[in-house]
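For reference, the chains in residue letters:
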Amino acid sequence: MSDSEIRIRNTRPTDFAAIERLTRAVYPNDFPWTADYLAAHLDVFPEGQFVAVDRRTGDVVGMAANFVVRWDEYAGVDSYLDFTNDGFLTNHDPSGKTLYGADVMTDTDRRGEGIGSALYEARKELVRRLGLDRIRGHARLPGYHRYADVLSPEAYVQRIVKGELDDPTLSFQLRHGFRVLDIVPNYFARDPRSGGHAALIEWVPYEGT
């Protein structure tokens, strides 16, 4: 699929049902983004919520949820639910300078079509437009379960950064200009493939990027 066949736009209430279905498919062991969550996201930061739409069919094939924080206020926070105010993002603070990527997902049957890349570009453009300092987020480590018996989370991530291992999520983010800042234990408690761990990642806009 070419980029021209995917349209990234801001989320609308009419997208809620499609996003919920998408969440159930991508994260079968997690709570889905229901209308209550998504309405709260739009209420606090509508310009930070995105969907990827197939121009040919009109289907929602990806989504991204984002909010702005004053990063220093979150030192020591070690849980996704704590960080995102139980997923409602109502701790969005427009006076902050960090865009936090709360979630990004693509249709499991449409991987490799550039949908995720287009959503990440939308995030970067939002940071530039709002004059923010950076994007930060916590990356799941879905490949870690294959190495958990022989590697610590830190060693696993180090090998991904060096290009010695490939992780479905973190390797993708590294290719898009993110860097790893830290490893956070028990961040995604309901993600057995990651062992609950996450990598704190950052992208900083530079001229020409």
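What counts and how
Each chain carries its own residue numbering, running from 1 in the written order of its sequence. Residue-level local features of this predicted model are given only where pLDDT is at least 70; pairs of side-chain atoms are given and counted only at 80 or more, and the full residue set underlies all totals for whole chains, interfaces and linings. Only hydrogens and water are set aside when side-chain values are computed; all heavy atoms of the structure are taken into account. We count a stretch as a helix when DSSP gives it H or I for four or more residues in a row; a strand needs E for two or more, and each element gets its number in order from the N terminus. Pairs of N or O atoms within 3.5 Å make up the polar contacts considered here, provided that, within protein, one atom can donate a hydrogen while the other can accept it, and that residues adjacent in sequence are counted only when both atoms are side-chain atoms. Two residues form a contact once any of their heavy atoms are found within 4.5 Å. Only one rule defines a salt bridge in this text: a Lys or Arg side-chain nitrogen within 4 Å of an Asp or Glu carboxyl oxygen. Whether a residue is buried, partly exposed or exposed follows from its accessible area with a 1.4 Å probe, protein chains only, as a fraction of its type maximum: under 20%, in between, or over 50%, in that order. In these notes, a set of buried Ala, Val, Leu, Ile, Met, Phe, Trp, Tyr and Cys residues joined through side-chain atoms within 4.5 Å is what counts as a nonpolar core. Pairing between two strands is assigned when DSSP locates at least 2 bridges connecting them. Axes here refer to lines fitted to C-alpha atoms; in helices the fit is confined to the stretch in contact. Angles between the N-to-C directions go from 0 to 180 degrees.

**Concerning the side chain of Asp30**
Among the secondary structure elements, Asp30 is positioned in the loop between α1 (16–26) and α2 (35–44). One polar contact links Asp30 to Arg140, side chain to side chain, over a distance of 3.4 Å. Excluding residues within four positions of it along the chain, Asp30 makes contact with Arg140 and Arg190.

**Some remarks on the pattern of salt bridges**
With the rule as written, the count across this model stands at 16 salt bridges. Here Arg140 makes a salt bridge to Asp30, at a shortest N to O gap of 3.4 Å. Highlighted residues: Arg140 in strand β5 (residues 134–140) and Asp30 in the loop between α1 and α2, separated in sequence by 110 residues. Using a relative accessible area of 16% as the deciding quantity, one classes Arg140 as buried. With a closest N to O distance of 3.1 Å, Arg56 and Asp54 form a salt bridge. Residues participating in the shared-partner salt-bridge network are Asp30, Arg140, Arg190 and Asp191.

**Describing the nonpolar core**
Ranked by size, the top nonpolar core spans 60 residues in total, and within it Met63, Phe67, Leu99, Tyr156, Leu170 and Tyr187 carry the most contacts. Examining the composition of this core, we find that eight residues originate from one element, strand β3 (residues 60–69), more than from any other. Apart from the residues within four sequence positions on either side, Tyr156 is in contact with Leu141, Gly143, Tyr144, Tyr147, Leu151, Leu165, Asp166 and Asp167.

**Here's the deal with the pairing of strand β7 (residues 198–203)**
Counting buried positions over the six residues of β7 gives six, a clear majority of the element. Because side chains alternate across β7, one face comprises the buried residues Ala198, Leu200 and Glu202, and the other comprises Ala199, Ile201 and Trp203, equally buried. Relative to β7, β5 runs antiparallel, the two being bridged by six bridges. Counterpart to Arg136 in the pairing with β7 is Glu202. Across five bridges, strand β6 (residues 179–184) lies against β7 in antiparallel orientation. Its bridge partner being in β7, Ile183 is matched across the sheet by Ala199.

**A look at the sheet that holds β5**
Taken in spatial order, the seven strands of this open sheet run β1-β2-β3-β4-β5-β7-β6, and their pairing is mixed. Every interior strand has two partners, whereas the edge strands, β1 (6–10) and β6, have only one. Pairwise comparison of adjacent strand axes, ignoring direction, gives a mean angle of 25° for this sheet. Two strands pair when backbone bridges link them, and strand β4 (residues 98–106) and β5 are joined in this way by three bridges, in the parallel orientation. Note that in β5 the partner of Thr98 across the bridge is Arg134.

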